[in-house]
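Now for the letters of each chain:
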Amino acid sequence: MKQFLGVVVTLLASLSPVWANLGDGYERLDDAYGNLVERHLLDDGTVSVVYKKDRYFYFVIFDGGRSVLERYSHVKGTDLSEKEIARFLKAHAGGETWITTDKPKERRFKRSDGKVEATYATVDGRPTLTVREVRAGRSQRSDQ
């Protein structure tokens, strides 16, 4: 029984990065995304934070203490696999499905409820998946 509980705890601990989500606060993302690399207060009052955990960089924009934009990329700057993209999108599905709306040189995804959108494209020289809230008919800051 103790071995079984150990396996369950290990499994849950390994899945914890998947549980972080748009709308979560600093504490939850600090726990899920690992080591803080940098933090900046932006002119518009939002805060950008970069985390590094395992082989990923996690770039997050917080507005009012909650995550409104998240970016995922490999530390080495290599492409994310289809499996990795699917895992990150699943973490932000919120019970909805993702619809693909690709454009040349950029993969686009829109959640079926229209509240979240994602793009997979090169950002700052590295292939990056960006997931952001959509507010009042337009997306959150994507120029960070």
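Anything mentioned here points back to the structure above.
All figures in this text were calculated on a predicted structure; none of them were measured in a lab. (Residues numbered from 1 in each chain as written. Predicted model: local features only at pLDDT ≥ 70, side-chain atom pairs only at ≥ 80, totals over all residues. Heavy atoms only, no water.)

Engineer: Is there a simple way to think about the side chain of Thr-130 in this case?
Structural biologist: Examined against the element boundaries, Thr-130 turns out to sit in strand E8 (residues 126–135). With relative accessibility at 3%, the residue Thr-130 sits in the buried group. Polar contacts involving the side chain of Thr-130 include one to the side chain of Arg-71, which spans 3.0 Å. Discounting chain neighbours no more than four positions away, the residues touching Thr-130 are Leu-69, Glu-70, Arg-71, Glu-117, Ala-118, Thr-119 and Val-123. (Helix = DSSP H or I, 4+ residues; strand = E, 2+ residues; numbered from the N terminus. Buried < 20%, exposed > 50% of the residue type's maximum accessible area, 1.4 Å probe, protein only. Polar contact = N/O pair within 3.5 Å; in protein donor to acceptor, adjacent residues only side chain to side chain. Contact = heavy atoms within 4.5 Å.)

Engineer: Where do I start with helix H3 (residues 82–91) in this structure?
Structural biologist: Count 3.6 residues to each turn of an α-helix, and residues three or four apart come out pointing the same way. Glu-84, Ile-85, Phe-88, Leu-89 and Ala-91 are the residues of H3 that are buried. For H3, the angular spread of the buried residues around the axis is 160°, confining them to a single face. With respect to the buried face of H3, the exposed residues turned more than 90 degrees away are Glu-82, Lys-83 and Lys-90. (Arc of directions from axis to C-beta.)

Engineer: In this structure, what is going on with helix H2 (residues 26–33)? I would like to understand it.
Structural biologist: Looking at H2, one finds that the buried residues are Leu-29, Ala-32 and Tyr-33. What you see down the axis of H2 is that its buried residues fit within an arc of 80°, all on one side. Of the exposed residues in H2, those oriented more than 90 degrees away from the buried face are Glu-27 and Asp-31.

Engineer: What is the right way to look at unusual backbone geometry in this model?
Structural biologist: Glycine aside, residues mostly have negative phi angles, and peptide bonds mostly take the trans form. Although it is not a glycine, Asp-54 adopts a positive phi angle of roughly 55°. Position of Asp-54 relative to the elements: it lies in the loop between strand E2 (47–53) and strand E3 (56–63). Despite not being glycine, Asp-124 has its phi angle at roughly 50°, a positive value. Mapped onto the fold, Asp-124 is located in the loop between strand E7 (116–123) and E8.

Engineer: So what exactly am I meant to see when it comes to the packing of aromatic side chains here?
Structural biologist: Centre distance and the angle of the planes are the two values used to describe a pair of aromatic rings. Per the stated rule, a full pass over the model turns up nine aromatic pairs. A ring pair is formed by Tyr-33 and Tyr-51, whose centres lie 5.9 Å apart and whose planes are at 65°; its orientation type is edge-to-face. Here Tyr-33, found in helix H2, pairs with Tyr-51, found in strand E2; they are 18 residues apart in sequence, far enough to count as distant. What makes Tyr-33 buried here is its relative accessible area of 1%. Residue classification places Tyr-51 among the buried positions, given a relative accessible area of 0%. Taking 6.3 Å as the distance between ring centres and 85° as the angle between the ring planes, the aromatic pair formed by Tyr-33 and Tyr-72 counts as edge-to-face. Of the two residues, Tyr-33 sits in helix H2 while Tyr-72 sits in strand E4 (residues 66–74), which places them 39 residues apart along the sequence. The ring of Phe-88 is capped by Arg-87, whose NZ or CZ atom sits 5.1 Å from the centre of that ring. (Phe/Tyr/Trp six-rings, centres within 6.5 Å; stacked < 30°, edge-to-face > 60°. Lys NZ or Arg CZ within 6 Å of the ring centre and 35° of its normal.)

Engineer: Explanation requested: the pairing of E4 in the structure shown.
Structural biologist: A regular strand carries its side chains on alternate faces of the sheet. The element E4 is largely enclosed, with a buried count of eight among its nine residues. Alignment of E3 against E4, held across eight bridges, turns out to be antiparallel. From the neighbouring strand, Asp-63 faces E4, where its bridge partner is Arg-66. Where E3 hands over to E4, the hairpin turn is made up of two residues, of which Gly-64 adopts a positive phi near 65°. Here E4 pairs with E8 via four bridges, running antiparallel. (Pairing = 2+ DSSP bridges.)

Any functional reading would require information that these geometric values do not contain.
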